[in-house]
Amino acid sequence: MSQENLKKTPLCAACEAAGGKMVDFHGWLLPVQFESIIAEHKAVREGAGMFDVSHMGQVFVEGPDAWKFLQYVNTNNIKNTPGTGTYSHITDEQGHIIDDAISFCLTPEKFLVVVNAACIDTDMAWFNKHAAAFNVKITDDSARWGMIALQGPQALDHAAKLIDGVKDMARFTIKEITLYGAHGYVTRTGYTGEDGVEIMASPEAIVNVWDALLASGVKPCGLGARDVLRLEAGYLLNGTDADGRQTPYEAGCGWVVKLAKEDFIGKAALEAQKAAGLKRRLTGFVLTGAGVPRSGCKVFKNGAEAGVLTSGTYSPLFKGIAVGYADTDLQEGEEVEIEVHGRRIPAKKVKTPFYKNRV
Amino acid sequence: MHSAENSKYAKTHEWAHMEGDTATVGISDHAQQEIGDIVFIDLPKVGQQVTAGQNCCVIESVKSASEIYAPVSGEVVEVNEALKTEPGLVNQEPHGKGWLFKIKSTAPAEYESLMDLSAYKESIK
């Protein structure tokens, strides 16, 4: 697809001006890197980096049944105290992951759900299909919002220059703010394993935020660094680590399933799977030999296939790292081989996250 | 000694510099920029027979794996051992210390059919 046909975020021109190498990401024109993925990774782990995440979706769920509705479509217990946010999976009747999203409670009758860019249409169709029994209004407001993820140990210092009181926010909370005269939100969240915030504002105001952060010394970072950072931090990439055929249990996210809560979509299937046990589960591997594992590479134990990778990369901190669906009988530290370009490279099973962060 | 100017180029972005019957092989500056931070190189083995136009080496960057095609046919007689500990040399000096391997050529006509630098530069415009 030529770049003219791709959707552009409000920060597209700013990313290009900063030297971004623009690529097609699920139909969006976004920077895969600026000068170097390794330099951008380092900035986020040691200083501060920012990502254009304007492609992500903002869905508002409003009305007397807003919370009840979100409880029904989510596997996790959604917090309903204003200012709080909850990470959860949205599953179908078979318990298969449709999307992972964070639901932020603005008021007991108004929630902001931040969803994956590639899932906006699917999520909206799913929500609308199940909304009939609830007194709710669901709005896809994605086009009206630009969004920046500002991440790193120094992220809050930079954010504090623009947003009063941001350092007092607890992890996973949201605050309404005014930025450059526009209404916006800041959340203390991210996808890198570092402290930081995500800032949502109008398409015009978000450009001002980008420019101010750039002037403040924040390094622009692309999708390439983001993928390494999230994999190191053990975060699931929906669409890649889950393709609509896995449950939260299989994806290693059993903690987002709250079987004790009232009925929710997928509950019966998830209860049954929990009782029956799993054959394969998303599992972390570190190469002990030289090479870079990638999605699709097979895992072997004593010569027999024991799994397939869904994500793999070169980590500046840990060298070859990967996750994939592998037999649940693999033990921690167990030696396996991963086949990369026809060569079987020694590796071992490890606990995720690879990177144990301070957040 | 090889340089960008005295090397010839394959359309798949490898360069070759022939001295006697031995071609030193690397990737172009344009190619290293496209690949990005190089973190691992799966070099061919010394003694391995390679065929012009066929994959014989893999360069891994953070983001992707790139296959490297032999620009000429022959036997691999040397590989750049320095790349095993410092693969980033290919980013820093693609036409210098970042060479990949040497092939003892068996078909001199293959080398002659490669592009010179100006034709290569034209091809990537």
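Here is what the cut-offs are and how they apply
- Residues numbered from 1 in each chain as written.
- Chains lettered and ligands numbered in written order.
- Predicted model: local features only at pLDDT ≥ 70, side-chain atom pairs only at ≥ 80, totals over all residues.
- Heavy atoms only, no water.
- Pairing = 2+ DSSP bridges.
- Helix = DSSP H or I, 4+ residues; strand = E, 2+ residues; numbered from the N terminus.
- Phe/Tyr/Trp six-rings, centres within 6.5 Å; stacked < 30°, edge-to-face > 60°.
- Buried < 20%, exposed > 50% of the residue type's maximum accessible area, 1.4 Å probe, protein only.
- Lys NZ or Arg CZ within 6 Å of the ring centre and 35° of its normal.
- Contact = heavy atoms within 4.5 Å.
- Buried area = accessible area lost by both parts, 1.4 Å probe.
- Salt bridge = Lys/Arg side-chain N within 4 Å of Asp/Glu carboxyl O.
- Polar contact = N/O pair within 3.5 Å; in protein donor to acceptor, adjacent residues only side chain to side chain.
- Nonpolar A, V, L, I, M, F, W, Y, C, P; charged D, E, K, R; others polar.
- Axes fitted to C-alpha atoms, helices over the stretch in contact; angles between N-to-C directions.

**Q** Whenever I open this one, the sheet that holds strand S2 (residues 14-19) of chain B confuses me. Can you help?
**A** Backbone-to-backbone hydrogen bonds join strands into a sheet, with any given pair of strands oriented parallel or antiparallel. Residues and elements named next belong to chain B. With respect to topology, six strands assemble into an open sheet ordered S1-S2-S3-S9-S8-S5, the strand pairing being antiparallel. Edge positions in the sheet fall to strand S1 (8-9) and strand S5 (49-50), since each of these pairs with one other strand and no more. Pairing between S2 and strand S3 (residues 22-27): six bridges, direction antiparallel. Bridge pairing links Met18 to Ala23 in S3.

**Q** For this particular structure, what's the right way to read the packing of aromatic side chains?
**A** Remark: the centre distance and the inter-plane angle together describe each pair of aromatic rings, the angle taken between the planes. Under the defined criterion, the tally for this structure stands at nine aromatic pairs over all chains. Between A:Phe60 and A:Trp145, the aromatic rings sit 6.5 Å apart at their centres with planes inclined by 45°, giving tilted as the arrangement. Within this pair, whereas A:Phe60 is found in strand S5 (residues 57-62), its partner A:Trp145 is found in the loop between strand S9 (137-140) and strand S10 (146-151), the two being separated by 85 residues in sequence. A:Trp145 shares its class with A:Phe60; the two are buried. Each ring, one from B:Tyr9 and one from B:Tyr120, has its centre 4.6 Å from the other, and the planes form 10°; the classification is stacked. Here B:Tyr120 lies in helix H4 (residues 117-123) and B:Tyr9 lies in strand S1, a separation of 111 residues in the sequence. As far as the burial class goes, B:Tyr9 and B:Tyr120 line up, both buried. Ring pairing ties together the aromatic residues A:Phe69, A:Tyr72, A:Phe127 and A:Phe134, which thus form one cluster. If you follow A:Arg344 out to its NZ or CZ, it ends over the ring of A:Phe300, 3.6 Å from the centre.

**Q** Whenever I open this one, the pairing of strand S7 (residues 65-69) of chain B confuses me. Can you help?
**A** Both faces of the sheet carry side chains from a regular strand, because those side chains alternate between them. All names here are of chain B. Covered by surrounding structure in S7 are Ser66 and Ile68 only, the residues Ala65, Glu67 and Tyr69 on the alternate face being uncovered. Alignment of strand S6 (residues 55-61) against S7, held across five bridges, turns out to be antiparallel. When the bridges of S7 are listed, Val58 appears paired with Glu67. Hairpin connection from S6 to S7: three residues lie between these consecutive antiparallel strands.

**Q** It is not clear to me how unusual backbone geometry should be interpreted in this structure. Could you clarify?
**A** Excluding glycine, most residues fall at negative phi; most peptide bonds, likewise, are trans. Residues and elements named next belong to chain A. Of note, the bond from Thr352 into Pro353 is cis; its omega dihedral lies within 30 degrees of zero at 0°. On the secondary structure map, Pro353 appears in the segment after strand S20 (343-350). Its identity as a non-glycine residue notwithstanding, Phe172 has a phi of 70°, on the positive side. Along the polypeptide, Phe172 turns up in the loop between helix H5 (155-160) and strand S11 (174-179).

**Q** How do you make sense of the pairing of S6(B) when you look at a structure like this?
**A** Residue and element names in this part refer to chain B. For S6, a buried count of six out of seven residues is recorded, marking the element as mostly surrounded by other parts of the structure. With four bridges joining them, strand S4 (residues 38-42) and S6 adopt antiparallel strand pairing. Paired with Ile38 across the strands is Ser61, a residue of S6.

**Q** What's the story with the interface of chain B and chain A in this structure? I'm lost.
**A** A common way to report how large an interface is uses the accessible area buried once the components associate. Facing 13 residues of chain B, the contacting portion of chain A comprises 17 residues. Counting each side, the surface lost to burial between chain B and chain A is near 1300 Å², with a carbon and sulfur contribution of 57%. Applying the counting rule to chain B against chain A returns two salt bridges. Linking B:Glu60 and A:Arg294 is a salt bridge whose minimum nitrogen-to-oxygen distance equals 2.5 Å. At the surface where chain B touches chain A, the tally comes to twelve residue pairs in polar contact (both at pLDDT 80 or more). Elements with a minimum of two residues in the side of chain B that touches chain A: helix H1 (29-35), S4 and S6 of chain B. The class makeup of the residues in the side of chain B that touches chain A is five nonpolar, three polar and five charged.

**Q** So what exactly am I meant to see when it comes to the environment of A:Gly20 here?
**A** All names here are of chain A. Position of Gly20 among the secondary structure elements: in the loop between helix H1 (12-17) and strand S2 (21-25). Taking the C-alpha atoms as reference, Gly20 lies 7.2 Å from Val32; in sequence the two are twelve residues apart. If we skip the residues at most four places from it in the chain, Gly20 touches Cys15, Pro31, Gln33 and Phe34.

**Q** Sorry, what's going on with the side chain of B:Ser105 here?
**A** Residues and elements named next belong to chain B. Among the structural elements, Ser105 can be located in strand S9 (residues 101-105). For Ser105, a relative accessible area of 13% puts it in the buried group. Not counting the four nearest positions on each side in its chain, Ser105 is found in contact with Met18, Asp21, Val72 and Ser73.

**Q** Which parts of the structure should I look at to understand the sheet that holds S2(A)?
**A** All names here are of chain A. The sheet built from three strands is open, its strands ordered S1-S3-S2 with mixed pairing. Edge positions in the sheet fall to strand S1 (7-8) and S2, since each has one partner strand and no second. Sheet topology places S1 next to strand S3 (residues 28-33); two bridges connect them, and they run parallel. Considered in S3, the bridge of Lys7 is made with Trp28. Of the strands in this sheet, S2 and S3 are in contact with helix H7 (residues 223-232), which crosses S3 at around 70°.

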